[in-house]
Amino acid sequence: MFKLNVILVYLLTCFTFCGYSQSDKVNFLKPSDSLNSSRRNSVIIAEASLASISLTGLNELWYADYPRSNFKTVNDSEDWLQMDKLGHFYSSYQLGRLGANTLNWAGVSDKDQLIYGSTLGLGFLTAVEIMDGFSDEWGFSWSDMVANVAGTGLYVGQELLWKDQRIVLKYSFHTTNYANQRPDVLGDGIFEEVLKDYNGQTYWLSANINSFLKTEKIPNWLNLAFGYGADGMLTGDPMDPLFSNQTRVRQYYLSLDIDLTRIKTNSHLLNTIFDVLNIIKIPFPTIELNSEGGLKFHYIYF
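Bear in mind the structure is a predicted one, so any value in this text is a computation, not a measurement. (Residues numbered from 1 in each chain as written. Predicted model: local features only at pLDDT ≥ 70, side-chain atom pairs only at ≥ 80, totals over all residues. Heavy atoms only, no water.)

## Looking at the overall build of the chain
Helix and strand counts for the chain stand at eleven helices and eight strands. Radius of gyration (C-alpha) of the chain: 20 Å, near the 19 Å computed for a compact globule of 302 residues. With the principal axes as the frame, the chain shows a C-alpha extent of 60 × 50 × 35 Å. Across the 302 residues in the chain, those meeting the buried criterion constitute 47%. Taking all contacts inside the chain whose residues are at least 6 apart in sequence as the whole, residues at least 24 apart take part in 70%. When the accessible area of the chain is evaluated, it comes to approximately 15,300 Å², of which 61% is carbon and sulfur surface. (Helix = DSSP H or I, 4+ residues; strand = E, 2+ residues; numbered from the N terminus. Rg over C-alpha atoms; globule rule 2.2 N^0.38 Å. Buried < 20%, exposed > 50% of the residue type's maximum accessible area, 1.4 Å probe, protein only. Contact = heavy atoms within 4.5 Å. Areas by Shrake-Rupley, 256 points an atom, 1.4 Å probe, with all protein chains shown as cover.)

## Considering the sheet that holds strand 7 (residues 284-290)
Taken together, the six strands give an open sheet; going across it, the order is 3-4-5-6-7-8, and neighbouring strands pair in antiparallel fashion. With partners counted over all chains shown, the strands left at the sheet margins are strand 3 (167-173) and strand 8 (295-301), one partner each. Looking at each pair of strands side by side, their axes are set apart by 25° on average, direction ignored. As defined by bridge partners, strand 4 (residues 201-208) adjoins strand 5 (residues 222-231) across seven bridges and the pair is classed as antiparallel. (Pairing = 2+ DSSP bridges. Axes fitted to C-alpha atoms, helices over the stretch in contact; angles between N-to-C directions.)

## Some words on the confidence of the model for the chain
The pLDDT averaged across the chain works out to 89; a share of 91% of its residues lies at or above 70. Between residues 19-26, whose pLDDT stays under 50, and residues either more than four places distant or in other chains, the model counts nine contacts. (pLDDT = per-residue confidence, 0-100.)

## Quick word on the side chain of glutamine 251
Within the element layout of this structure, glutamine 251 appears in strand 6 (residues 249-258). With a relative accessible area of 10%, glutamine 251 lands in the buried category. Within the structure, glutamine 251 has its side chain in polar contact with the backbone nitrogen of alanine 230 (distance 3.3 Å). If sequence neighbours within four positions are ignored, glutamine 251 has contacts with Gly227, Tyr228, Gly229, Ala230, Asp231, Glu288, Leu289 and Asn290. (Polar contact = N/O pair within 3.5 Å; in protein donor to acceptor, adjacent residues only side chain to side chain.)

## Quick look at the pairing of strand 7
Of the pairings in the sheet, the one linking strand 6 to strand 7 comprises five bridges and is antiparallel in character. Following the sheet pairing, tyrosine 252 is matched in strand 7 by leucine 289. Sheet analysis places strand 7 next to strand 8, joined by five bridges and oriented antiparallel. Paired with threonine 286 across the bridge in strand 8 is histidine 298. Counting the residues that bridge the hairpin from strand 7 to strand 8 gives four residues, and of these glycine 293 lies at a positive phi of roughly 90°.

## Focus: the packing of aromatic side chains
In the structure shown here, the tally under the stated rule is 16 aromatic pairs. Each ring, one from tryptophan 162 and one from phenylalanine 212, has its centre 5.6 Å from the other, and the planes form 90°; the classification is edge-to-face. With tryptophan 162 in helix 6 (residues 142-162) and phenylalanine 212 in helix 10 (residues 209-213), this pair connects stretches of sequence that are 50 residues apart. Among the aromatic residues, ring-to-ring pairing joins Phe71, Phe134, Phe140 and Trp142 into one connected group. Lying over the aromatic face of phenylalanine 212, arginine 166 brings its terminal NZ or CZ to 5.3 Å of the ring centre. (Phe/Tyr/Trp six-rings, centres within 6.5 Å; stacked < 30°, edge-to-face > 60°. Lys NZ or Arg CZ within 6 Å of the ring centre and 35° of its normal.)

Shown next as C-alpha cells:
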C-alpha cells in the first residue's frame, strides 16, 4: 500500500504549491505574522476535503476490488528488505512537514502546528492501515504503524529539540531492469515505476552540516546525506517459491545534498518552489557499500 501513500504526498504537495501560486498581488505566499483565520480555515477545509476524497477513492477504486474480512493483522516486517517501511517513514514525515508548514503560513502558533499539522500524515496513514486491516488481501501492519509514528516523531522531535529541521528525509529514483520482468507489481512505465519499483528507490537522511558544526566555512545550504536502497527484488516475500533465485542486496550510500529551504531569497514564490522540491535528493557523486561487501563510486547518483 505504500505506493498510494507516496501518491498522496505528491498530491498534497502539488495542491499546496498550486494553491499558493494563484495570487500575484497581496503577498499571498508570505506566512502570516499572526493568526489569519481565513487562511487557517481554508487550510483545514482543503486538507480535510482532500484526505476524505483520497480515502473514499481508495475504498471505491482499490479496496472494492478485493473481498472484505474481519479485522486482522499481518507481520510483513521482512518484505522488500524494509523499503516499504521506509516509504511509510518518508510519507509520514513529509505529510507532517506539509501540514505544519501550511498552518505556519496561516499564522497558527508553533504549538498548534505540532499538534494539528505535523500529525496530518500519521492520521491519514493510520486510516489507511485500518482499511488494510479489513481487507482480505492485506491486513493491519504493526511494522507499518511503527514507521508512520517514527516519521512523525522525526519531525516533531526536531521541532521540540531545535525548532529546526536539521535532518530532513528525501527520496531519489533511478530506473532498473526489474520492472520489465514484473510490470504488474513493479510498474509499467516510468510514472508507475517511480512509485512501485523498490529496486530503484533510495531514501535519504539529509543532515545540514552547518546546523551542527556552526561554522562560516561551509555554505549554509550544504548537507551530508546517508541513503538506503535495495536491489534484486521481484517480490516482497524473501521466501516466495516462485522467485527463489533472487539475489537481494542491501545498499548503503554516502553523498552530499542541498537543503533548498536554506538558500536565501526574498521571493516568496521561490521559497515555496524550494520547499516543494526539497522532498527530492539532489544528484551528487556518491559512495555505495552493499551487503555483499561491494564498494562502488557513482559520479552522479539518482
